[in-house]
Amino acid sequence: MAWNIARSEALADPDAARRKVLERLQRLSELEDAELQVVNILLDAILMAESYRGARHQVSFLPEMTRSVDHLLRDLAILDKADELAAV
């Protein structure tokens, strides 16, 4: 499910990391209810940003907030795997 974007890579070259993510997100149109997934992720991103604002400790409910992101990554990984299998 990982997109192979390491934390060090994202910090060292944020623009390249963003381009890498944008390349993967081009497949959103192939997913069922893509708009709903994106809205859920946007809501989670806003909550994460607000939760970390001024915080000096780990947010305890962060794992629950990343579920929508994990779901989208899983769906996109399935599309990639299906393409790989179709090419064989």
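Residues numbered from 1 in each chain as written. Predicted model: local features only at pLDDT ≥ 70, side-chain atom pairs only at ≥ 80, totals over all residues. Heavy atoms only, no water.

Draft legend 1. Representation of helix 5 (residues 67-87) within the structure. With 21 residues, helix 5 should cover 30 Å at 1.5 Å per step; its first-to-last C-alpha distance of 30 Å lies within 8% of that length. Among the residues making up helix 5, those that are buried are S68, L72, L73, D75, L76 and L79. All buried residues of helix 5 fall inside an arc of 160 degrees around its axis, so they share one side. For helix 5, the exposed residues set more than 90 degrees away from the buried face come down to R67, I78 and L85. (Helix = DSSP H or I, 4+ residues; strand = E, 2+ residues; numbered from the N terminus. Expected span 1.5 Å × (residues − 1). Buried < 20%, exposed > 50% of the residue type's maximum accessible area, 1.4 Å probe, protein only. Arc of directions from axis to C-beta.)

Draft legend 2. Spatial organisation of the pattern of salt bridges. According to the stated counting rule, one finds 5 salt bridges in the structure shown. Put simply, E30 and R27 hold a salt bridge, and the shortest N to O gap is 2.9 Å. Since its relative accessible area comes to 44%, E30 is described here as partly exposed. Assessed through its relative accessible area of 14%, R27 is described here as buried. Connected through shared salt-bridge partners, R24, R27, E30, D80 and D83 make up one network. (Salt bridge = Lys/Arg side-chain N within 4 Å of Asp/Glu carboxyl O.)

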